[in-house]
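# Descriptive analysis of the structure
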Amino acid sequence: MGKDEASDDAPALAVLELLAQESPPSAFEELLHRGRRQPLPPEQLAELERATRLALDIHSSANQRRQREAVMAALVDTVHDMTTPYDPDGLLKVITSRARRLIGFDMAYISLRKPDGGSYIHSSDGDTTALNVGLVVEESRGLGEMAQDKGAPFWTADYLNDDRIPHGKGVDEVVRAEGLHAIMAVPIFQGSHPIGALYGADRVVRHFTPNEISVMRSLADFASVALERAHLLDRTQTEIAELEASGLKARGTIARMAYLNDVRSRLIAQVLDGSDLRDVATTAAEALGATLAVVDAHGRILAATEEGSGFDEALTHRAALETHAARGPVALSETLWATPVSAGMEHLGVVLLRVAQPPGPEAQRFFHFVAQAVALLLVVQRSTAVAAGPIRDEFLEGLLAGPARAPQQLATRARQLGLDPDGPYVVVLARPEGSEHGKAVVWASSYAYRHSGLKTVNSCSIVLLLPGSDASAAAQAVSDELSPLLGRPVTVGAAGPADGLGSVSAVYQEAQRCLDAMIALDGAGSTASMDELGFLGVLLSEDHDVEGFVASVIGPVLDHDAERSAGLVPTIEAYFTSGNSPTRAAAALHVHPNTVVRRLERITELLGAGWQKPGRSVDVQLALRLSRARDVLRRRRAPGPGGQAEASWK
C-alpha cells in the first residue's frame, strides 16, 4: 500500500507514520493540504485535521523536551567548568562565554557593584567594540541596576526604545555602538546581598521565553556559588602563601636566634678567658653586622671596631645621658643605637651601635646582652688587676728603688708578669688634689692592667709604669681619664722613656723632680713631662742634656744658618736685645727693616708660631746663650785626640 493510498484509506495512520519518522512540521502541513485538494469526505478531513494538530503538538513537545535536555546538558557542562580552579577574574570570563553560547545570545557580559555605589562592566563576550569592559554604570541606571535593586530578572525586547528603563548616557552609547536591541539582566547574589548582574543581549528585537529567563537565573546562581568558591579559594591560597612566608620568616628567626645564642656563649667564653675588650666588641659587631664602640662613663672610647667611625665626644656624652635614663637600648637616630653598661648601680659606660637599618627585637635583646658582657669583662679586669695588684706593686717598688736583682733574674720575673724587660717605658706620677685617693688607686689598678703596665702608690702620688716612648702623651691620657672620674684636678708629671726596666729608677727620679717642680711653680692640677718643662727640664735632669735642649728649641734655625748663612741667629739675638722691635733690630744689624721682617717670617716657619711669646721666648733666649757659650768654649778648648774638640756640660 503506497503513502497516498494510505492517506486515502486512513489519513490518521499517515500522520502517525510521519510522526514516527520525526518528519518536520512542513510534512504534516503538506499532508493536510493534499487531503483538502482530493477532496476527502468531511469525516476523514476532520479526522486528518485533528490528527495533524495532535501530531504538531507532539512534535513541539518533543522539540521542547530535546531543547531542555540540551540546555540541561549545557548547564551540567557549565557547572563542571565552574568547578575547575579559577581566579575570580578568570571565572567571570568563563561565565560570560557560557551564557552567550548556552542561550544563543549575540553578546553576554557581567557587571560588579562598586563600594561607593553604581557598578562597572567587568567581563564581556561577543562585543565588537572596546567600549563595554570598564564602563561605569551609574547608580539606579540600566537593567542591571534595576535587577540588583529588586533582586529579580529584568528584560526588554528593544532597549533603546523602552521608556520603562531609567537610561544612562554611557550605557546608551555602548548599546547603540554595539547595535543591541533585546537585553536581559539577572542579579548575582552573595548570600542575600547582590554583588552584580549577568546580561544577555541580541542585536535584533526579541522576546525572551520563560525557559531562557530561567536558564539565565540558574547561570547567575551557579556564578554566585562559583564566585564565592573562587574568592574562598583565592583567600585560602593567599592565607597559605602568608603562612608559608610566616613559616619561612619564623625559620629564619629561629636560625638567627640560634646563631645569636651561639655568639652569646662565645662572648661569655671570651670574657672568662680574659680576652681584650676590642676582641669582644669585634665578635659582637660581626654578629650584628654593624660598627660597634665601647665608651666609658666619661664619654671616652675604650674600644671600637672601626677607626674614625664617627663616634665623637658630643655623641658619646649624649648616649651616656639617654641610656642612663632608659636603662636599656635606645635609638639615638635611625641608624645609631646605644645601650648602657652597668654593674649593679655603678654606671660603667655605653655601647654604641651603628647599623644600616634598625635592629629587630631579637637583635636589640642581643645588643643589651653585649652591654652586660662588656660590663662583666670590665669588672673581671678590675678584679684581676686588684687581685694581682700586690705582686705587681711589689715588683714595681723594687724597680723604683733600683735593680737589686741580676739582669737575668729581672728579665725572668718581668716576663712572668707579662712585661718586656728590654722595651721602652715611661713613668707617670699622678697626685689627686683632694681626698679621693682610694677611688684613684682602684682606677690606677684597672688602668695599669688595661695598658699592660704597673702601678704603685707612694706617700702622696700614684706611680704608673707604662709601655711607650712619649711621656707627654702618657701624662695627658692619665689626666684626661682620672680627672673626670674624681671630679677634681689631678697634677700629673711624667718622664722617659726608660730603655728597658733596668733604667726605670732613674726615669722615676726625673718624673718625681718634674712633679715637684710643677708644684713649686704653682702648677697644681696641670700636666707636663720633663721635656715640656723647657730649660727647667735641663736644670732638673741628672744628665743636663744641653745639646738635646738646644737642638729641640732652635735646632732648625741653627741648621738653616749652617747651610745657607742666612743670618737668622744674629737676627733673633738682635730682635730680643732691641725689645722685640724689628726696626731697632735692623739698625743694630745695619740692614733694611724689611730684611729683618722677612727673616722673622722665616724663623716663624722654622720654629712654629708662638716662639716670641713669653713662655717659649725664655727657652729660645736660653738656647741661644747656651749655643753661643758652647761655640766660645769649643773655639777656646785645645783639640783633643784626632783633632776633635772635647766639651763637658756637666
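In this text, all values refer to a predicted model and were calculated from it rather than measured experimentally.

### Description of the overall build of the protein
Helix and strand content of the protein: 21 helices and 16 strands. Taken over 650 residues, the protein has a buried fraction of 43%. Taking contacts inside the protein between residues at least 6 apart in sequence as the whole, the part at least 24 apart equals 60%. Of the roughly 33,500 Å² of accessible surface on the protein, a fraction of 54% belongs to carbon and sulfur atoms.

### Quick look at the packing of helix H18 (residues 568-577) against helix H20 (residues 593-607)
At their nearest, the axes of H18 and H20 sit 10 Å apart, and the two run at 105° to each other. Our classification of the angle between H18 and H20 gives roughly perpendicular. Mapping the contact onto sequence places Leu568, Thr571, Ile572 and Tyr575 in H18 and Val596, Arg599, Leu600, Arg602, Ile603 and Leu606 in H20.

### What to know about the pairing of strand S2 (residues 119-125)
In terms of residue burial, S2 counts as a mostly covered element, since five of its seven residues are buried. Relative to S2, strand S1 (residues 107-113) runs antiparallel, the two being bridged by six bridges. Each residue of the ladder has a partner; that of Ala108, found in S2, is Asp125. Counted along the chain from S1 to the antiparallel partner S2, the turn is five residues long, and its residue Gly117 has a positive phi close to 105°.

### As for the packing of aromatic side chains
Following the criterion strictly, the structure yields seven aromatic pairs and no others. Centre to centre, the rings of Phe576 and Trp611 are 6.0 Å apart; their planes meet at 85°, and the pair counts as edge-to-face. In this pair, Phe576 sits in helix H18 while Trp611 sits in the loop between H20 and helix H21 (614-636), placing the two residues 35 residues apart along the sequence. Just as Phe576 is buried, Trp611 falls in that class too. Members of the aromatic cluster, each reached through a chain of ring pairs, are Tyr575, Phe576 and Trp611. In this structure, Arg264 is placed above the aromatic ring of Phe369, and the distance from its NZ or CZ to the ring centre is 5.5 Å.

### Concerning the nonpolar core
Ranked by internal contacts, the top residues of the largest apolar core, which has 32 residues, are Leu292, Val341, Leu353, Phe366 and Val374. Elements supplying a minimum of two residues to this core: helix H8 (210-272), helix H9 (277-288), strand S7 (291-296), strand S10 (336-343), strand S11 (346-354) and helix H11 (361-401). With 11 residues, H11 is the single largest residue contributor to this core. Residues contacting Leu292, with those up to four places away along its chain left out, are Ala281, Ala284, Ala285, Ala303, Ala304, Thr305, Phe311, Val351, Leu352, Leu353 and Val370.

### Looking at the confidence of the model for the protein
Caution is warranted with low-pLDDT regions, since their predicted coordinates should not be read in detail. Per-residue confidence for the protein gives a mean pLDDT of 79, with 85% of residues at or over 70. The weakest mean pLDDT in the protein belongs to helix H1 (residues 3-9) at 47; the strongest belongs to strand S4 (residues 154-156) at 92. In the model, residues 1-8 has pLDDT below 50 throughout and makes 10 contacts with residues more than four positions away in sequence or in other chains. A low-confidence stretch, residues 636-650 (pLDDT under 50), is modelled with 16 contacts involving residues beyond four sequence positions or located in other chains.

### Comments concerning the sheet that holds strand S5 (residues 182-190)
Taken together, the six strands give an open sheet; going across it, the order is S3-S2-S1-S6-S5-S4, and neighbouring strands pair in antiparallel fashion. Where the open sheet ends on each side, the last strands, each with one partner, are strand S3 (136-137) and S4. Pairing between S4 and S5: three bridges, direction antiparallel. In the sheet register, Trp155 faces S5, and the bridge partner there is Met184. Of the strands in this sheet, S1, S2 and strand S6 (193-202) touch helix H5 (residues 88-103), which is tilted by about 60° from S2.

### Quick look at the environment of Gly179
Mapped onto the elements of the fold, Gly179 is located in the loop between helix H7 (169-178) and S5. In this structure the C-alpha to C-alpha distance between Gly179 and Val204, which are 25 residues apart in sequence, comes to 8.3 Å.

### A short note on unusual backbone geometry
For the peptide bond that leads from Gly496 to Pro497, omega is 15°, which places it in the cis range. Residues other than glycine seldom take positive phi values, yet Ser565 does so here, at roughly 50°. Topologically, Ser565 is positioned in the loop between helix H17 (546-564) and H18.

### As for helix H14 (residues 471-486)
With 16 residues, H14 should cover 22 Å at 1.5 Å per step; its first-to-last C-alpha distance of 22 Å lies within 8% of that length. Listing the buried residues of H14 in full gives Ala471, Ser472, Ala474, Ala475, Val478, Ser479, Glu481, Leu482, Ser483 and Leu486. Where H14 is buried, its residues contact strand S12 (424-432), helix H13 (437-450), strand S14 (462-467), strand S15 (490-499) and strand S16 (527-529). N-capping of H14 is provided by Asp470, with a side-chain oxygen placed 3.2 Å from the backbone N of Ser472. Phi turns positive one or two residues past the end of H14, at Gly487, with a value near 75°.

### So, the pattern of salt bridges
Opposite charge on two side chains makes pairing possible when the charged atoms of those side chains draw close. Tallied over the entire structure, the rule returns 10 salt bridges. For Glu30, the salt bridge is made with Arg37, and the minimal N-O distance between the two is 3.8 Å. Among the ionic pairs, Arg164 bridges to Asp162, the shortest N-O distance being 2.8 Å. A relative accessible area of 63% places Arg164 in the exposed class. Connected via shared salt-bridge partners are Asp202, Arg206 and Glu212.

### Considering the sheet that holds strand S9 (residues 330-331)
If you trace the five strands from one edge of the open sheet to the other, you get S8-S7-S11-S10-S9, paired in antiparallel fashion. Since the sheet does not close on itself, it has two edges, and those belong to strand S8 (301-304) and S9, each with one partner. Two strands pair when backbone bridges link them, and S7 and S11 are joined in this way by six bridges, in the antiparallel orientation. Across the sheet, Thr291 pairs through a bridge with Arg354, a residue of S11.

Each value, and the rule that gives it
Residues numbered from 1 in each chain as written. Predicted model: local features only at pLDDT ≥ 70, side-chain atom pairs only at ≥ 80, totals over all residues. Heavy atoms only, no water. Helix = DSSP H or I, 4+ residues; strand = E, 2+ residues; numbered from the N terminus. Buried < 20%, exposed > 50% of the residue type's maximum accessible area, 1.4 Å probe, protein only. Contact = heavy atoms within 4.5 Å. Areas by Shrake-Rupley, 256 points an atom, 1.4 Å probe, with all protein chains shown as cover. Axes fitted to C-alpha atoms, helices over the stretch in contact; angles between N-to-C directions. Parallel < 35°, antiparallel > 145°, perpendicular 65-115°, else oblique. Pairing = 2+ DSSP bridges. Phe/Tyr/Trp six-rings, centres within 6.5 Å; stacked < 30°, edge-to-face > 60°. Lys NZ or Arg CZ within 6 Å of the ring centre and 35° of its normal. Core = buried A, V, L, I, M, F, W, Y, C linked by side-chain atoms within 4.5 Å. pLDDT = per-residue confidence, 0-100. Expected span 1.5 Å × (residues − 1). Polar contact = N/O pair within 3.5 Å; in protein donor to acceptor, adjacent residues only side chain to side chain. Salt bridge = Lys/Arg side-chain N within 4 Å of Asp/Glu carboxyl O.

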